[in-house]
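# Tertiary structure, described
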Amino acid sequence: MTQDEMKQAVAKAAIDYVEAGTIIGVGTGSTANFFIDELAKIKHKIDGTVASSVASADRLKGHGIEVFDLNNVSEISVYIDGADETNRHLHLVKGGGGALTREKIVAAASRKFVCIADDSKLVDILGKFPLPIEVIPMARSFVAREIAKLGGEPVLRDGFTTDNGNVILDVHNMEIMEPTVLEQKLNNITGVVTNGLFAIKPADVLLLGGKDGVKVLD
């Protein structure tokens, strides 16, 4: 199986977690796009969606799937999204596409978070993939200095602005031994909107696509 075929396999498997007659949270990125395409096949069974990015909202609308503002929704039954890295504790690194803040908000508002990924994303220690941090623009240099004190090497994502009008610092060369502790430390830096660690509230289920099919970790 190719990587795209693995992504498609987990996207199809995630459909089993979609509850009829409910609002579905939908993430951002290549694997989430496969899920959106699968969701379109059963769009008549759901009440609509909440998207974690403008790009995902546009793709959903292109399939004729209704997209709601989170403020107008009382409950999301499940949030389906990919990850840039995951460990066996279902702690994730997300934000490669720059939608980490909205992804974290929609995940927090959902009863269940199902992560879908191919097995290349599974690691023993998080951090090989640069950790994205969304930052208020005026605080960029200050936040970068504070991150350096924690042992990371922050690099501004050049020419990129988030859907919220902020910038991204990608933190390189940081082995993340205690994901929950680091997530809290980074969020406590003034000027940080949020960071791409999903450890304090990890995924509830991980669907991992590999050459032998889809494995379920929970």
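Starting from 1, residues in each chain are numbered consecutively following that chain's sequence as written. Note on the predicted model: pLDDT of at least 70 is required for a residue's local features to be given, and 80 or more for side-chain atom pairs to be given and counted; whole-chain, interface and lining totals, by contrast, use all residues. No hydrogens and no water enter the side-chain calculation; it runs on all heavy atoms of the structure.

## Considering the nonpolar core
Take the buried Ala, Val, Leu, Ile, Met, Phe, Trp, Tyr and Cys residues and link them wherever side-chain atoms come within 4.5 Å; each set so joined is a nonpolar core. The classification of residues rests on relative accessible area computed with a 1.4 Å probe and restricted to protein chains. Under 20% of the type maximum is buried, over 50% is exposed, and intermediate values are partly exposed. Of all hydrophobic cores here, the largest spans 25 residues; its most connected members are V18, F35, L39, I116 and L207. Helix and strand assignments come from DSSP, with helices taken as H or I runs of at least 4 residues and strands as E runs of at least 2, each series counted from the N terminus. At the level of elements, α1 (3-14), β1 (23-26), α2 (30-39), α3 (54-62), β3 (78-81), β6 (113-118) and β12 (205-210) are the ones that each hand at least two residues to this core. Residue contacts are defined here by distance: any two heavy atoms, one from each residue, within 4.5 Å place the two residues in contact. Setting aside residues up to four positions removed in sequence, V18 forms contacts with I24, F35, L39, I42, I46 and V78. Formed by 20 residues, the second largest nonpolar core is a distinct cluster that contains V123, L126, I176 and L182.

## Some remarks on the sheet that holds strand β10 (residues 192-195)
For two strands to be treated as a pair, DSSP must find no fewer than two bridges joining them. If you walk across this open sheet you meet the four strands as β8-β9-β7-β10, and the pairing is antiparallel. Strands with a single pairing partner mark the edges of an open sheet, and in this sheet they are β8 (153-156) and β10. Strand-to-strand, the axes of this sheet are offset by a mean angle of 30 degrees, without reference to chain direction. When strand β7 (residues 131-135) meets strand β9 (residues 167-172), the two strands line up antiparallel, connected through five bridges. Within β9, the residue paired with I133 across the bridge is L169. The strands touched by helix α4 (residues 100-108) within the sheet are β7, β9 and β10, with β10 carrying the most contacts at an inclination of about 70 degrees. Helix axes use the C-alpha atoms of the stretch in contact, all axes being lines fitted to C-alpha atoms, and the angles between their N-to-C directions lie in the range 0 to 180 degrees. Those strands touched by helix α5 (residues 140-149) are β7, β8, β9 and β10, and its axis lies near 15 degrees from that of β9.

## A few points about the packing of aromatic side chains
Two rings belonging to Phe, Tyr or Trp (six-membered ring only in the last case) form a pair when the distance between their centres is within 6.5 Å. Interplanar angles under 30 degrees mark stacking, angles over 60 mark edge-to-face geometry, and anything in between is tilted. Enumeration according to the criterion identifies two aromatic pairs in this entry. Taken together, Y79, F113 and F198 form an aromatic cluster joined through their ring pairs. Any Lys NZ or Arg CZ that is within 6 Å of a ring centre and within 35 degrees of that ring's normal is treated as a charge sitting over the ring. In this structure, K104 is placed above the aromatic ring of F198, and the distance from its NZ or CZ to the ring centre is 5.0 Å.

## Some details on the side chain of S77
Residue placement: S77 occurs in the loop between α3 and β3. Using a relative accessible area of 3% as the deciding quantity, one classes S77 as buried. Other than its neighbours up to four places away in sequence, S77 contacts E19, T22, I23, I24, R111 and K112.

## Quick word on the environment of Q3
Its location among the elements puts Q3 in helix α1. When the C-alpha positions of Q3 and D58 are compared, they lie 24 Å apart, and in sequence the two are 55 residues distant. Non-local contacts of Q3, meaning those with residues more than four positions away in its chain, are made with D118, S120 and K121. As used in this structure description, the phrase polar contact means that two N or O atoms lie within 3.5 Å; if the pair is within protein, one of them must be able to donate a hydrogen and the other to accept it, and residues adjacent in sequence are counted only when both atoms belong to side chains. Within the structure, the side chain of Q3 is placed 3.3 Å from the side chain of S120, a separation counted as a polar contact.

That is the geometry; function is a separate question.
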